[in-house]
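# Geometric and topological summary
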Amino acid sequence: MKGIRDSQLWPIAEKVEAGERLTFAEGLILYQTRDLPGLMRLANRVREKKHGHKTYFVHSIRVSQTNICYVGCTFCAFQRKFGEEGAWDWDVEEVVAWVRERYQPGLTEIHMTAGHHPKRPFSYYLDLVRALKASFPGVQVKAWTAAEIHHFSKIARLPYKEVLQALKEAGLDAMPGGGAEIFAERVRKEIARAKVSAEGWLLIHRTAHELGIPTNATMLYGHIETLEERLDHMDRLRRLQDETGGFMSFIPLAFQPDGNLLAKQLGKREFTTGLDDLRNLAVARLYLDNIPHIKGYWATLTPELAQVSLDWGVTDIDGTLIEERIVHMAGSPTPKGLSKRELAEIIRKAGRIPVERDALYREIRVWDSVAAPLAEGGTQGA
C-alpha cells in the first residue's frame with residue numbers, strides 16, 4: 001500500500017489487503033509505530049472495504065433511572081449514595097415522564113444505563129422495560145450493561161440466562177457495551193474491584209447472543225492500563241465474536257479525569273490526547289476484524305475529533321443522546337446532545353455519507369443532503 005513509511009507495517013499491509021487476521025504481536029506494532037499516517041491509511045482501507053463511505057448515527061435518548069450505586073468504581077464520577085447531594089432515584093412512572101418531556105419525533109432508541117441500586121427488586125426493571133415499550137410504541141429499548149445484568153442476577157437469585165430471558169420477554173431489544181472497562185485482572189482489581197469480573201462480563205454477553213439479544217462492547221482506556229492490556233481486551237472480544245457473532249460495535253471510551261477518585265489518586269488532570277484516541281480507534285478497526293463497527297463516541301472524543309476519526313476506521317459516531325449524564329459528570333466538555341441535523345453535517349463535511357440507523361444497525365434513511373429529511377417531520381431538535 002502506498003504511503004506507508006514504517007517497514008514493520010509492510011507485512012501488516014499485505015495481510016490487510018488479503019483480508020487476513022492480525023496476530024497479537026502485529027497489534028502491538030500498530031500501537032507502537034510512529035507512522036501514524038500509515039496506520040490511518042490501513043484502518044481507513046479496512047473501514048472502506050467493510051462499509052464504503054457510509055457512517056452511521058442513531059436518534060437516541062440516554063436515560064439513567066438512578067445514580068445510586070454501591071459498587072464504588074474509582075473511575076466513576078456518576079455514582080452517589082442514599083441521601084447524598086445530587087442523588088436521584090426514579091420510579092417507573094417518573095422515568096416514563098422524563099422521557100416523554102424530552103421525546104422528539106422519530107426517536108428510535110432509548111439507551112438506558114444507571115447505578116447498581118441496592119434496594120430495587122428485579123421486577124422493577126422488568127416493569128420499566130414494559131412501561132417504556134408501551135408508552136413509546138416502536139422505540140427500541142437498549143438497556144443495561146453486563147455489570148448491571150450481574151447485579152440483577154444477584155438480587156433476583158437467578159442465573160444470567162433467566163435474567164436475560166425475562167428482560168427479552170419484557171421487550172428488551174439490545175444491550176449496550178459498558179461495564180467492560182479493562183479485562184486485565186491487575187487493572188480491574190484497582191479500578192472496579194466490586195464490579196462483575198471479566199469472565200462474568202464475557203459470559204453474560206455470550207449468553208445474550210445465544211438468546212438472540214445483540215450487544216455492543218466497550219473499553220475504558222487512558223488511566224493505568226498498558227498497551228498490552230488494551231490489546232488483550234480486544235483479543236478476548238475477538239475470540240468471543242468468533243464464537244457468537246453477536247457484537248454490533250466496539251466503542252473505546254477515553255477516561256474522563258474530573259470528579260473521580262482514580263484521577264485524584266493518579267494526580268491526573270489531563271484528558272487523553274487526540275493522537276492516542278485516533279491510534280486506539282485505528283488499532284481497534286484493524287485488530288477486531290469480525291466486529292462490524294468501530295464507534296467514535298463523540299461525547300468523549302468531542303464532535304470535532306469524532307469527525308476526524310472517520311478517516312481512522314470509525315463508521316459510527318453514536319447518536320443524538322439527549323441529555324447524556326454519565327461522561328459529563330466526569331468532566332466531558334462536549335454538548336449533552338446533538339441534533340440529527342448536526343450529526344449528519346459532521347459526517348457529510350468529512351466527505352462521508354450520513355446514514356441514520358436504529359439500535360440494531362438497520363438503516364432508516366440515507367441523508368443525501370442535510371436538509372432533506374427534515375421535511376419528514378423533523379424539528380430543530382430532531
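Now for the overall build of the protein chain. The secondary structure content of the protein chain amounts to 15 helices and ten strands. Looking at the protein chain as a whole, 61% of its 382 residues are labelled buried. Restricting to contacts in the protein chain with at least 6 residues of sequence separation, those with at least 24 account for 76%. Here the protein chain displays about 15000 Å² of accessible surface, and carbon together with sulfur accounts for 51% of that area.

With that settled, the discussion passes to the pattern of salt bridges. What the rule picks out here adds up to 33 salt bridges. A salt bridge links arginine 357 to aspartate 316; the shortest N-O distance between them is 2.6 Å. A residue pair is termed long-range when its members are at least 10 positions apart, and arginine 357 in strand S9 (residues 353-357) and aspartate 316 in strand S8 (residues 316-319) qualify at 41 residues. Where arginine 348 meets glutamate 345, a salt bridge forms, and the shortest distance between an N and an O atom there is 3.2 Å. With arginine 348 and glutamate 345 both in helix H15 (residues 340-349) and three residues apart, this pair spans about one turn of that helix. On the basis of relative accessibility, which here comes to 37%, the residue arginine 348 falls in the partly exposed class. Among the ionic contacts, a cluster of salt bridges with common partners joins Arg21, Asp235, Arg238, Arg239, Asp242 and Asp289.

A separate point is the side chain of aspartate 235. Position of aspartate 235 relative to the elements: it lies in helix H10 (residues 227-244). On the basis of relative accessibility, which here comes to 15%, the residue aspartate 235 falls in the buried class. Setting aside anything within four residues of it in sequence, one finds aspartate 235 in contact with Phe24 and Tyr287.

A few words on the confidence of the model for the protein chain. Looking at the protein chain as a whole, the pLDDT averages 89, with 87% of positions reaching at least 70. Counting interchain partners and residues more than four positions distant, the pLDDT-below-50 stretch residues 371-382 has 20 contacts.

This paragraph deals with the packing of helix H1 (residues 10-18) against helix H3 (residues 36-51). Two packed helices can be described by the angle between their axes and the distance between those axes. Between H1 and H3, the shortest axis-to-axis distance is 10 Å and the interhelical angle comes to 5°. Compared by their axis directions, H1 and H3 come out roughly parallel. Of H3, the residues touching H1 (which contributes Ile12, Ala13, Val16 and Glu17) are Leu42, Arg45, Val46 and Lys49. Residue composition of the contact of H1 with H3, by class: five nonpolar, no polar and three charged.

Another point: the side chain of histidine 51. With respect to the helices, strands and loops of the structure, histidine 51 is situated in helix H3. Leave out the neighbours within four places in its chain, and histidine 51 touches Tyr56, Pro292, His293 and Thr315.

Once that is clear, we can look at the pairing of S9. Across the five residues that make up S9, a large majority, four, are buried. Of the pairings in the sheet, the one linking S9 to strand S10 (residues 363-366) comprises three bridges and is antiparallel in character. When the sheet's bridge partners are listed, glutamate 356 is paired in S10 with arginine 365. Hairpin connection from S9 to S10: five residues lie between these consecutive antiparallel strands, with tyrosine 361 at a positive phi of about 65°.

If you roll a probe as big as a water molecule over the atoms, it shows you where there is empty space left. Looking at the largest pocket, its volume works out to about 180 Å³. Lining the largest pocket are Lys15, Val16, Gly19, Glu20, Arg21, Leu22, Val46, Lys49, Lys50, Arg285, Leu286 and Asp289. Elements with a contribution of two residues or more to the lining of the largest pocket: H1, H3 and helix H12 (274-287). If you tally residues by element for the lining of the largest pocket, the top one is H3, at three residues. Taken together, the residues of the lining of the largest pocket break down into four nonpolar, one polar and seven charged.

Another point: the sheet that holds S9. A sheet is described by the order of its strands in space; here four strands give the open sequence S8-S1-S9-S10, paired in mixed fashion. Unpaired on one side and paired on the other, S8 and S10 mark the two borders of the sheet. For this sheet the average axis-to-axis angle between neighbouring strands, irrespective of direction, equals 30°. Both strand S1 (residues 54-58) and S8 contribute to a ladder of two bridges, which runs parallel. Within the sheet, the bridge partner assigned to tyrosine 56 lies in S8 and is aspartate 316.

On to H15, then. Residues Lys340, Leu343, Ala344, Ile346 and Ile347 constitute the buried set of H15. Looking straight down H15, one finds its buried side chains confined to an arc of 155°; they lie on one side. Structurally, H15 contributes buried residues whose contacts are with S1, helix H13 (298-301), helix H14 (303-308), S8, S9 and S10. A positive phi of about 80° marks glycine 351, the residue just after H15.

Reading the values: rules and limits
Residues numbered from 1 in each chain as written. Predicted model: local features only at pLDDT ≥ 70, side-chain atom pairs only at ≥ 80, totals over all residues. Heavy atoms only, no water. Helix = DSSP H or I, 4+ residues; strand = E, 2+ residues; numbered from the N terminus. Buried < 20%, exposed > 50% of the residue type's maximum accessible area, 1.4 Å probe, protein only. Contact = heavy atoms within 4.5 Å. Areas by Shrake-Rupley, 256 points an atom, 1.4 Å probe, with all protein chains shown as cover. Salt bridge = Lys/Arg side-chain N within 4 Å of Asp/Glu carboxyl O. pLDDT = per-residue confidence, 0-100. Axes fitted to C-alpha atoms, helices over the stretch in contact; angles between N-to-C directions. Parallel < 35°, antiparallel > 145°, perpendicular 65-115°, else oblique. Nonpolar A, V, L, I, M, F, W, Y, C, P; charged D, E, K, R; others polar. Pairing = 2+ DSSP bridges. 1 Å grid on protein atoms, 1.4 Å probe; cavity = no way out; pocket = protein on both sides within 12 Å on 5 of 7 lines; lining within 4 Å. Points joined across faces, edges and corners; volume = space filled by probe spheres on them. Arc of directions from axis to C-beta.

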